[in-house]
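As a plain string of letters, each chain reads:
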Amino acid sequence: MHNEGYIKFDLQWEKANFIFPDKLFLEMNLFRKRLFDLGLIGMYSDGIGFGNVSIRIGDTNLFIISGSATGSIPNLSKENYSLVTGFDIDKNTIYCQGNTAASSESMSHAALYKSNQKINAVVHVHHKKLWEKYLNNLPTTPKNAEYGTTEMANEIKKLANASEGVIIMGGHEEGIVSFGTTLEEATNRIIKLYNTL
Ligand SMILES: [Zn+2]
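Attention in this report is confined to the structure presented alongside it. (Residues numbered from 1 in each chain as written. Predicted model: local features only at pLDDT ≥ 70, side-chain atom pairs only at ≥ 80, totals over all residues. Heavy atoms only, no water.)

Remarks on the pattern of salt bridges
Argument step 1. In total, this model carries five salt bridges according to the counting rule given.
Argument step 2. For Lys 78, the salt bridge is made with Asp 22, and the minimal N-O distance between the two is 2.6 Å. Of this pair, Lys 78 sits in the loop between β5 (63-66) and β6 (81-88) while Asp 22 is found in helix α1 (residues 22-37), placing the two residues 56 residues apart along the sequence.
Argument step 3. Exposure remark for Lys 78: the relative accessible area of 29% places this residue in the partly exposed category.
Argument step 4. For Asp 37, the salt bridge goes to Lys 33, with nearest N and O atoms at 3.0 Å. Here Asp 37 and its partner Lys 33 are both found in helix α1, four residues apart, which amounts to about one turn of the helix. (Salt bridge = Lys/Arg side-chain N within 4 Å of Asp/Glu carboxyl O. Helix = DSSP H or I, 4+ residues; strand = E, 2+ residues; numbered from the N terminus. Buried < 20%, exposed > 50% of the residue type's maximum accessible area, 1.4 Å probe, protein only.)

A closer look at helix α4 (residues 150-158)
Argument step 1. Every buried residue belonging to α4 is among Thr 150, Met 152, Ala 153, Glu 155 and Ile 156, and all of these are buried.
Argument step 2. Those residues of α4 that are buried are in contact with α2 (106-115), β9 (140-141), β10 (166-169) and β11 (175-180). (Contact = heavy atoms within 4.5 Å.)

Side note on the coordination of the zinc ion
Argument step 1. Bound to the zinc ion on the protein side are Glu 105 (OE), His 124 (NE2), His 126 (NE2) and His 172 (NE2), at distances that span 1.9 to 2.1 Å.
Argument step 2. One can describe the donor arrangement at the zinc ion as irregular, given that its four donor atoms subtend angles of 87 to 163° at the metal.
Argument step 3. Read in sequence order, the donor residues coordinating the zinc ion give the pattern E-x18-H-x1-H-x45-H. Linking His 126 in strand β8 (residues 121-126) with His 172 in the loop between β10 and β11, this pair joins segments that are 46 residues apart in sequence. (Donors = N, O, S within 2.8 Å, 3.2 Å for Na, K, Ca; no water. Tetrahedral: all angles 85-135°; square planar, octahedral: opposite > 155°, others 65-115°.)

Considerations on the packing of aromatic side chains
Describing an aromatic ring pair means giving the distance of the ring centres and the angle of the ring planes.
Argument step 1. Applying the stated rule across the entire model yields six aromatic pairs.
Argument step 2. When the ring of Phe 20 is compared with that of Tyr 81, the centres are 5.2 Å apart and the planes differ by 75°; the resulting orientation is edge-to-face. With Phe 20 in the loop between β1 (10-14) and α1 and Tyr 81 in strand β6, the pair connects residues that are 61 residues apart, well separated along the chain.
Argument step 3. Here the aromatic rings of Tyr 44 and Phe 50 are separated by 4.5 Å at their centres, their planes lie at 40°, and the arrangement is tilted.
Argument step 4. Its relative accessible area of 7% is what places Phe 50 among the buried residues.
Argument step 5. Joined through ring pairs, the aromatic side chains of Phe 18, Phe 20, Phe 25 and Tyr 81 make up one cluster. (Phe/Tyr/Trp six-rings, centres within 6.5 Å; stacked < 30°, edge-to-face > 60°.)

The structure is reproduced here in structure tokens:
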């Protein structure tokens, strides 16, 4: 067991509207839908949703992310998104605002935005075949760094300058993260990999 140092995820959620420009909303839905249509964002047969997209707000470390438990929805409404207004990686705490809560996977997104100012968009998808094919062949986080933990965020940080812009989450089965200067770039990086299957 590798639970040393594990800190329970703490979500400080203010259920309130935030300013979400239409342009940003449409961009997020456009690229999310491409991933959804390929099954990279979706829902398992047990009803658990997976996958999310986020975009950095200007030159801050704040970002808008598709909300918790929205994986099954083909086209999201603004209410399905959350604004991450702050985070503390060491305390595994996320502060967010919106009608939907940010997921614990927001911490992986936060780690990337904090570590590399050139990153403006992050995508997290699940795909078993893709994950198995690229596990340890692309930059991969260690198996003992589990999903939603400070350890995972710290391992992600170390790979925030990976030139491929793709990170395989060794301790989060099927989990893959990509990033880019735009959401289009982050999305295309995953789709390019998908097309190698
Ligand atoms: Zn995941």
